[in-house]
Amino acid sequence: MDKGMSILVVDDFPTMRRIVRSLLKELGFTNVEEAEDGQEALGKLKGGDFEFVVSDWNMPNLDGLEMLKQIRADEAMKALPVLMVTAEAKKENIVAAAQAGANGYIVKPFTAATLEEKLNKIFEKLGK
Amino acid sequence: MSGEARQVAAHEGAHGDDLVVRIGQLTRMLRESMRELGLDKEVEKAAEAIPDARARLNYVASMTEQAADRALNAVDRAQPLQNEIESRAESLDQQWQTWFENPMELDQARQLVTDTRGYLAAVPEMARETSKELLEIMMAQDFQDLTGQVIKKMMEVILEVENQLLQVLLESVPEGDEREALKQRMEDRNAADTRKREEASLVNGPQLTAEGEGIVSNQDQVDDLLDELGF
């Protein structure tokens, strides 16, 4: 796994963005950018060369699920791995995210170990 | 009790009974007219929102308490480590200072070298432990996101209750300036509140309790569900 890969962290709460960014740094990923909702994220994704997305679900303007659907519908971005990190803890949420093409699902509150495990699992599957 | 006092009490009793009857009649009248206007439903809705609001406040209170405990416990564990790093370094530095001022026999110097090496070897482990506690303090801050979502939801509930109560108030004041002013207030508020109602059943925020139909309570259950689904 390339620790220099560029990662976009999407969450409407600045505290959570800082936490996720620090955890990623702790795991060795330092090339991290942030967006505060799905809309801003899509703009950044279209303009930049991102290789991984960590996203919240419940956000204003454009939520995480809608953003995921739009990523999967976009020819240039459809293969982009997306890890959902969200407080939404209903079974139908997890099913909907999986069906929309999420590569992983972490329910908040989560631990550093969980984030590491899911990242490893996703890259293992992708063969990176 | 004197005869006179008894008389007064009896009189007050009769007067009181009369009052109770009249209050009863008024209450019945109020209830009936409220039902006619459909306002009892509005009040009912407002009242129903209260237990939900209480559960949310409870969640916020317990999450913030947990976070504070987590952070303080981490500090309690990290402080002795930091103190040990500091005091052992100071002590060794002091001994080296003495040695340089007055170089002693080789044997004593050898002991100092051994102690110093032992210290240098121990520092990284203690520093790692401290870093772990710092990470713990950072992770404890995740309550801000979770309680923030719950508080936002609560503000919607409060707005809803306020609307319902204002509606009741509006219907119960007679036509006139006061009623017009109230009406205006409600319209202004509704216009100002342009936030889109989040009716989508998939956006609920944190679950207040881990129990309940269709709710996963931890990461293992999420993973199991995804496995079941073949993802």
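Since the structure is predicted, the reported quantities are computational estimates derived from the model, not experimental observations. (Residues numbered from 1 in each chain as written. Chains lettered and ligands numbered in written order. Predicted model: local features only at pLDDT ≥ 70, side-chain atom pairs only at ≥ 80, totals over all residues. Heavy atoms only, no water.)

**A word on unusual backbone geometry**
Residue and element names in this part refer to chain A.
Working step 1: Between Lys 108 and Pro 109 the backbone carries a cis peptide bond, its omega angle lying at -5°.
Working step 2: Within the fold, Pro 109 resides in the loop between β5 (104-107) and α5 (112-126).
Working step 3: Phi at Asn 61 is positive, roughly 65°, even though this residue is not glycine.
Working step 4: Structurally, Asn 61 is set in the loop between β3 (52-55) and α3 (64-73).
Working step 5: Overall, the relative accessible area of 60% leaves Asn 61 in the exposed class. (Helix = DSSP H or I, 4+ residues; strand = E, 2+ residues; numbered from the N terminus. Buried < 20%, exposed > 50% of the residue type's maximum accessible area, 1.4 Å probe, protein only.)

**Observations concerning the packing of helix α1 (residues 14-26) of chain A against helix α3 (residues 106-140) of chain B**
Working step 1: Running from amino to carboxyl end, α1 of chain A crosses α3 of chain B at an angle of 155°, the nearest separation of the two axes being 10 Å. Viewed along their axes, α1 of chain A and α3 of chain B adopt a mutual orientation that is roughly antiparallel. Classified by chirality, the crossing of α3 of chain B by α1 of chain A is left-handed. In this structure, α1 of chain A uses Ile 19, Ser 22, Leu 23 and Glu 26 of chain A to contact α3 of chain B, whose residues at the interface are Leu 135, Met 138 and Met 139 of chain B. (Axes fitted to C-alpha atoms, helices over the stretch in contact; angles between N-to-C directions. Parallel < 35°, antiparallel > 145°, perpendicular 65-115°, else oblique. Left-handed = near helix turned anticlockwise from the far one by under 90°. Contact = heavy atoms within 4.5 Å.)

**Some words on the packing of aromatic side chains**
Working step 1: Evaluated as defined, the whole model comprises four aromatic pairs over all chains.
Working step 2: Between Trp 96 of chain B and Trp 99 of chain B, the ring centres sit 5.9 Å apart and the planes meet at 80°, which makes this aromatic pair edge-to-face. Of the two residues, Trp 96 of chain B and Trp 99 of chain B are both situated in helix α2 (residues 39-101); the distance of three residues between them amounts to about one turn of the helix.
Working step 3: Taking the relative accessible area as the measure of exposure, Trp 96 of chain B reaches 22% and is therefore partly exposed.
Working step 4: With centroids separated by 5.3 Å and ring planes inclined at 85°, the aromatic side chains of Trp 99 of chain B and Phe 100 of chain B adopt a geometry described as edge-to-face.
Working step 5: The class of Phe 100 of chain B is exposed, set by a relative accessible area of 60%.
Working step 6: Positioned above the aromatic ring of Phe 29 of chain A is the side chain of Lys 3 of chain A, whose terminal nitrogen or guanidinium carbon lies 5.1 Å from the ring centre. (Phe/Tyr/Trp six-rings, centres within 6.5 Å; stacked < 30°, edge-to-face > 60°. Lys NZ or Arg CZ within 6 Å of the ring centre and 35° of its normal.)

**Some thoughts on the UniProt feature "modified residue: 4-aspartylphosphate" (unreviewed entry) in chain A**
Working step 1: The UniProt record marks Asp 56 of chain A with the feature "modified residue: 4-aspartylphosphate" (unreviewed entry), using the residue numbering of this structure.
Working step 2: Note on placement: Asp 56 of chain A falls in the loop between β3 and α3. (UniProt positions renumbered as here; feature names shortened; annotations may be inferred.)

**Some points on the confidence of the model for chain B**
Parts of the prediction with low pLDDT should not have their coordinates interpreted in detail.
Residue and element names in this part refer to chain B.
Working step 1: Mean pLDDT over chain B: 83, with 90% of residues reaching 70 or higher.
Working step 2: Averaged pLDDT values over the elements of chain B bottom out at 72 in helix α1 (residues 3-37) and peak at 93 in α3.
Working step 3: Confidence over residues 194-199 falls short of pLDDT 50; this stretch has eight contacts with residues more than four positions distant or in other chains.
Working step 4: Two numbers describe this predicted complex: its pTM, 0.74, and its ipTM, 0.77. (pLDDT = per-residue confidence, 0-100.)

**Brief notes about the sheet that holds strand β2 (residues 32-35) of chain A**
Residues and elements named next belong to chain A.
Working step 1: With parallel pairing, the five strands of this open sheet are ordered in space as β2-β1-β3-β4-β5. The open sheet has two free edges, formed respectively by β2 and β5, since each of these has just one partner strand. Neighbour to neighbour, the strand axes of the sheet diverge by 20° on average, direction disregarded.
Working step 2: Sheet topology note: the strand β1 (residues 7-10)/β3 ladder contains four bridges and is parallel. Each residue of the ladder has a partner; that of Val 10, found in β3, is Ser 55. (Pairing = 2+ DSSP bridges.)

**A short note on the nonpolar core**
Working step 1: In this structure, Val 10, Leu 45, Trp 57, Met 67, Ile 71 and Tyr 105 of chain A are the most contacted members of the largest nonpolar core, which totals 33 residues.
Working step 2: Sorting the residues of this core by element identifies β1, α2 (38-47), α3, β4 (82-86), α4 (91-100) and β5 of chain A together with α6 (219-229) of chain B as the ones contributing at least two each.
Working step 3: Ranked by residue count, the leading element in this core is α4 of chain A, at five residues.
Working step 4: Apart from residues lying up to four places away in sequence, Leu 45 of chain A is in contact with Leu 8, Phe 50, Val 53, Ile 71, Met 77 and Leu 80 of chain A.
Working step 5: By size, the runner-up hydrophobic cluster in this structure holds 25 residues, among which are Ile 19, Leu 23, Val 32 and Leu 115 of chain A. (Core = buried A, V, L, I, M, F, W, Y, C linked by side-chain atoms within 4.5 Å.)

**Quick look at the UniProt feature "domain: Response regulatory" (unreviewed entry) in chain A**
Working step 1: Under the feature "domain: Response regulatory" (unreviewed entry), the UniProt entry names residues 6-123 of chain A.
Working step 2: Counting secondary structure, residues 6-123 of chain A comes out at 47% helix and 18% strand; the distance between its end C-alpha atoms is 14 Å.

**Observations regarding the environment of Gly 38 of chain A**
All names here are of chain A.
Working step 1: Position of Gly 38 relative to the elements: it lies in helix α2.
Working step 2: In this structure, the C-alpha to C-alpha distance between Gly 38 and Gln 99, residues 61 residues apart in sequence, is 18 Å.
Working step 3: Beyond its immediate sequence surroundings of up to four residues, Gly 38 is in contact with Val 10, Met 59, Leu 62 and Met 67.

**Some thoughts on the layout of surface pockets**
Working step 1: Considered as a void within the structure, the second largest pocket measures approximately 440 Å³ in volume.
Working step 2: Residue lining of the second largest pocket: 26 residues in total, with Lys 108 and Pro 109 of chain A together with Tyr 59, Leu 146 and Ser 217 of chain B positioned closest to the centre.
Working step 3: Broken down by secondary-structure element, the contributors of at least two residues to the lining of the second largest pocket are α2 and α4 (143-172) of chain B.
Working step 4: The dominant element in the lining of the second largest pocket, judged by the number of residues it contributes, is α2 of chain B, at five residues.
Working step 5: Looking at side-chain class alone, the lining of the second largest pocket contains 15 nonpolar, eight polar and three charged residues. (1 Å grid on protein atoms, 1.4 Å probe; cavity = no way out; pocket = protein on both sides within 12 Å on 5 of 7 lines; lining within 4 Å. Points joined across faces, edges and corners; volume = space filled by probe spheres on them. Nonpolar A, V, L, I, M, F, W, Y, C, P; charged D, E, K, R; others polar.)

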